[in-house]
There are 2 protein chains.
Amino acid sequence: MNAMSPGPVTLQDVANEAGVSLATASRAFNGSTRKVRQDLQERVLIAAAKLNYAANGPAQAMARGRTNVVGLIVHDIADPYFAAIAAGVMRAAEEAHLLVTLGSTMRRPERELDYLQVLRGQRSRAVILAGSRVDDPELLARLREECEAFERAGGRVVVISQQKLPLDTLVVENRSGAKALAQQLASLGYQRFAVLAGPARLLTARDRVQGIREGLAAVGLPAPVVLHGAFTRDGGHDAMSHLLESRAEVDCVVAVNDVMAVGAMAACRDAGLHLPRDVALAGFDDIATLRDVHPKLTTVRLPLERMGEIALELVTTASAGGAHRTRRIRGEVLIRESTPRHSAR
Amino acid sequence: MNAMSPGPVTLQDVANEAGVSLATASRAFNGSTRKVRQDLQERVLIAAAKLNYAANGPAQAMARGRTNVVGLIVHDIADPYFAAIAAGVMRAAEEAHLLVTLGSTMRRPERELDYLQVLRGQRSRAVILAGSRVDDPELLARLREECEAFERAGGRVVVISQQKLPLDTLVVENRSGAKALAQQLASLGYQRFAVLAGPARLLTARDRVQGIREGLAAVGLPAPVVLHGAFTRDGGHDAMSHLLESRAEVDCVVAVNDVMAVGAMAACRDAGLHLPRDVALAGFDDIATLRDVHPKLTTVRLPLERMGEIALELVTTASAGGAHRTRRIRGEVLIRESTPRHSAR
DNA sequence: TTGTACGCGTTATCAG
DNA sequence: CTGATAACGCGTACAA
């Protein structure tokens, strides 16, 4: 149109177009403490629209000392668990007029440190660390340092999973959820359990295994067979295959997440087994995309999208007195077709 | 540690610590055209590490006139189709040392315009528009304007789906893929088709319906029954329910994506139908998480993660002479258990 | 209420 | 090769 300047249109251009000063344009275009006369306000807005002005984010960030960006760090955005959390974060971020920078660590915990540092440099307002912590004291110490550096730089940090650091945290009650699941499965008549346990050092996986152990012990059942593997579909498939090869006497298999459970289902079919007749199977998370698998999977529902929303809400609200806040996220046991009532042989 | 300054540590702090000028610190810490003496280089790097310095992104963006951020705009990050594309984008972005700002439009096309404007303001280096275009000339015109504004501001735009704008585009060959699918299904013996068609104005859905129509026509079969609905699990479930209520004589149902197909499977089971005995079913996309549903779903595989990678590669490489580039993405028909060989009654 | 002028942290230009 | 300094675009004390 009438863009004489070579580069993008600046607030100065808008001010000129509206016939006001740069300061007035600034105050008019985004709410400032100071008030602007009605007619000037309108003139600025009209000029901005006419020139298709978009405020220069980096410049605003410089002047204000912070951005409207929050970082979201997940283990793997292709995993529906994290995709669901991300969806909740995005929904809440839209309402709060915040931009989300995504980090996907490909399940390498060290990558969290890199992202944290970069996001600190970007002057991100906050970071949401979604995803299980890992049992590694040295890594945890370095993570603590990075989080502290991030907070010193004026940012907030929210963690979703375990409370291992003095930060705002959504504590996912994996252990009690798994315990309740085990107890309900026991009450259905199952007695010999196996657990497809995920990686040994992943705390979410470990907590769930522990909960199952406790639940079985609480009702006087023997400890389960435990098989470790990746926290993925293939991990579930492989662990189940090993279990079948071992010819262990088992009537109920619990995978520590739904994605693994689906892999386990495939392994059972590969071996010619019929579910749930030959073996019962349960998962964890209640992944939306997997609610229609057949037989319908018994699982523990986690409010994943809501968790993302809550995390972003924590980010946008100040904590009283700088104390870190805790939100407990409880799972809900859903008994479905994959674990019918069982009569012990 | 020895941080005297109240706020975050700046490059000036690093320069002081290293006993060099600000300019030298700048040149040493990030590659510049000009060279820095080896020992000074090291002193700067050591000082930066000691102070845990993280370069101020917004300040760099101001000085350089652009950022290391690319925007990724999807319809719904919780949809595994987009989550897979996002995973590919993230992997390639990590290699290229680019940050990704995520936009999720919640399937409202107008939101793309908002994100585009904001990302332009953020001085994003580029934006990837993932997701089907919509049949709406006015919207398309506004989108074209926003994309042009974005490019005038120095950014690049890549589109994944249909080539509707003069931009770098990954053209997904939905029509030919669907046509090939229909023909292969016909060769298996199916004769009376229904299509769960998705929203009428969504071009991806429409192209796939059109391809199926062409495939059937090419082999002399009658046109399919077409039922529209949402591009989601519930959309597939509802459309299938309506189809069953209509008591139409159909031996093969094609859903225009896998997520809808899974919803349709659930609807069949709700109605007491057995798959694939009572009706055959096919989808589109080959969503990883759904590869283990039973019966295994016939579908058209799209290289979703690779598509994300390619999109980011287009973003990072300059196009010769400013001409826009096209990458054709072909689907691969995968016949699986949900559509066994069929003998017409 | 409006305008002027300075500062934010970094890069790039120009002297040395 | 190194150092001083002028941008970059915006927010905001301060002055009018």
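Throughout what follows, the structure given in this document is the object of discussion.

What counts, and at which threshold
- Residues numbered from 1 in each chain as written.
- Chains lettered and ligands numbered in written order.
- Predicted model: local features only at pLDDT ≥ 70, side-chain atom pairs only at ≥ 80, totals over all residues.
- Heavy atoms only, no water.
- Helix = DSSP H or I, 4+ residues; strand = E, 2+ residues; numbered from the N terminus.
- Rg over C-alpha atoms; globule rule 2.2 N^0.38 Å.
- Buried < 20%, exposed > 50% of the residue type's maximum accessible area, 1.4 Å probe, protein only.
- Contact = heavy atoms within 4.5 Å.
- Areas by Shrake-Rupley, 256 points an atom, 1.4 Å probe, with all protein chains shown as cover.
- Salt bridge = Lys/Arg side-chain N within 4 Å of Asp/Glu carboxyl O.
- Polar contact = N/O pair within 3.5 Å; in protein donor to acceptor, adjacent residues only side chain to side chain.
- Nonpolar A, V, L, I, M, F, W, Y, C, P; charged D, E, K, R; others polar.
- Near = heavy atom within 4 Å.
- Arc of directions from axis to C-beta.
- Phe/Tyr/Trp six-rings, centres within 6.5 Å; stacked < 30°, edge-to-face > 60°.
- Lys NZ or Arg CZ within 6 Å of the ring centre and 35° of its normal.
- Pairing = 2+ DSSP bridges.
- Axes fitted to C-alpha atoms, helices over the stretch in contact; angles between N-to-C directions.
- Parallel < 35°, antiparallel > 145°, perpendicular 65-115°, else oblique.
- Left-handed = near helix turned anticlockwise from the far one by under 90°.
- Right-handed = clockwise from strand over helix to strand, strands pointing away.

Within chain A one finds 12 helices and 12 strands. In terms of overall dimensions, chain A is more spread out than a globule: its C-alpha atoms have a radius of gyration of 26 Å, far above the 20 Å expected for 345 residues. When each of the 345 residues of chain A is scored for burial, the buried share is 54%. Restricting the contact set of chain A to residue pairs at least 6 apart, pairs at least 24 apart contribute 75%. Entry remark: accessible area of chain A is about 14,800 Å², with carbon and sulfur atoms responsible for 50%.

To continue, consider the interface of chain A and chain B. Contact with chain A, which involves 51 residues of that partner, is made by 51 residues of chain B. Across the chain A-chain B interface, the total number found is six salt bridges. In this structure, the salt-bridge partner of Glu94 of chain A is Arg108 of chain B, at a minimum N-O distance of 2.8 Å. Viewed at the interface, chain B and chain A are joined by 15 residue pairs in polar contact (both at pLDDT 80 or more). Looking at the side of chain A that touches chain B, the elements that each hand over two or more residues are helix H4 (57-64), helix H5 (80-95), strand E2 (99-104), helix H6 (110-121), helix H7 (137-152) and helix H11 (258-270) of chain A. The dominant element in the side of chain A that touches chain B, judged by the number of residues it contributes, is H5 of chain A, at seven residues. Its residues assigned to classes, the side of chain A that touches chain B comprises 27 nonpolar, 13 polar and 11 charged.

We now examine the protein's contact with DNA strand D. Not every one of the 23 residues close to DNA strand D is listed here, only the nearest: Leu11 and Tyr53 of chain A together with Thr24, Arg27 and Leu40 of chain B. Take Ser26 of chain A: an N or O atom from its side chain is 2.7 Å from a phosphate oxygen of DNA strand D. Separating a phosphate oxygen of DNA strand D from a backbone N or O atom of Asn56 of chain A is a distance of 3.5 Å. With five residues, H4 of chain A is the largest single contributor of residues to the surface near DNA strand D.

Quick reminder: α-helices carry 3.6 residues per turn. Residues three or four places apart thus point the same way. Residues and elements named next belong to chain B. Of all the residues in helix H1 (residues 11-18), the buried ones are Leu11, Val14, Ala15 and Ala18. Taken down its axis, H1 places every buried residue within 100 degrees of arc, on the same side. Where H1 is buried, its residues contact helix H2 (22-29) and helix H3 (38-51). For H1, the N-terminal cap is Thr10; the gap from its side-chain oxygen to the backbone nitrogen of Gln12 is 3.2 Å.

Another aspect to go through is the packing of aromatic side chains. Residue and element names in this part refer to chain A. Counting across every chain of the model gives four aromatic pairs over all chains. Ring plane angle 75 degrees and centroid distance 5.0 Å describe the contact between Phe29 and Tyr53, whose orientation is recorded as edge-to-face. Of this pair, Phe29 sits in helix H2 (residues 22-29) while Tyr53 sits in the loop between helix H3 (38-51) and H4, placing them 24 residues apart in sequence. Of the residues examined, Tyr53 reaches a relative accessible area of 8% and is grouped as buried. Geometry around Tyr115 places Arg111 over its ring, the cationic atom sitting 4.5 Å from the centre.

Near DNA strand C you find 25 residues, and of these Arg27 and Leu40 of chain A together with Leu11, Ser26 and Tyr53 of chain B are the closest. Protein-adjacent atoms of DNA strand C, using a 4 Å cutoff, are sugar or phosphate at a proportion of 65%. Between DNA strand C and the protein, one listed contact pairs a phosphate oxygen with a side-chain N or O atom of Gln60 of chain B at 2.9 Å. Those elements that place two or more of their residues in the surface near DNA strand C are H2 and H4 of chain A together with H2 and helix H4 (57-64) of chain B.

A few words now on the sheet that holds strand E9 (residues 280-282) of chain A. Residues and elements named next belong to chain A. Here we have four strands laid out as an open sheet, ordered E7-E6-E8-E9, and parallel in their pairing. The sheet terminates laterally at strand E7 (225-228) and E9, the two strands that pair on one side only. Across the sheet, the mean angle from the axis of one strand to that of its neighbour is 20 degrees, orientation sign disregarded. Both strand E6 (residues 193-198) and E7 contribute to a ladder of four bridges, which runs parallel. Among the inter-strand pairings, Gly198 is bridged to a residue of E7, identified as His228. The sheet contacts of helix H9 (residues 203-218) involve E6, E7 and strand E8 (252-255), and relative to E6 the element is tilted by about 165 degrees.

Another point: the packing of helix H10 (residues 233-246) of chain B against helix H11 (residues 258-270) of chain B. All names here are of chain B. For the pair H10 and H11, interaxial distance at closest approach is 6 Å and the crossing angle is 45 degrees. One element, H10, and the other, H11, form an angle in the oblique class. H10 and H11 meet at a crossing whose hand is right-handed. Taken together, the residues of H11 that come into contact with H10 (itself represented by Arg233, Gly235, Gly236, His237, Met240, Ser241 and Leu244) are Val259, Met260, Gly263, Ala264, Ala266, Ala267, Cys268 and Asp270. When its residues are assigned to classes, the contact of H10 with H11 shows eight nonpolar, five polar and two charged.

Attention now goes to the pairing of strand E1 (residues 69-74) of chain B. All names here are of chain B. The buried fraction of E1 is high, at six of six residues. Judged by which residues are buried, E1 turns out to be covered on both faces: Val69, Gly71 and Ile73 on one side and Val70, Leu72 and Val74 on the other are all buried. Pairing geometry for E1 and strand E2 (residues 99-104), over six bridges, is parallel. Across the sheet, residue Gly71 finds its bridge partner in E2, namely Thr101. In the classification by handedness, the crossover that spans E1, the intervening helix H5 (residues 80-95) and the parallel E2 is right-handed. Pairing of E1 with strand E3 (residues 126-130) involves four bridges; the strand directions are parallel. Its bridge partner lying in E3, Val70 is registered against Ala126.

From the geometry alone we can't say anything about function, so treat these as descriptive.
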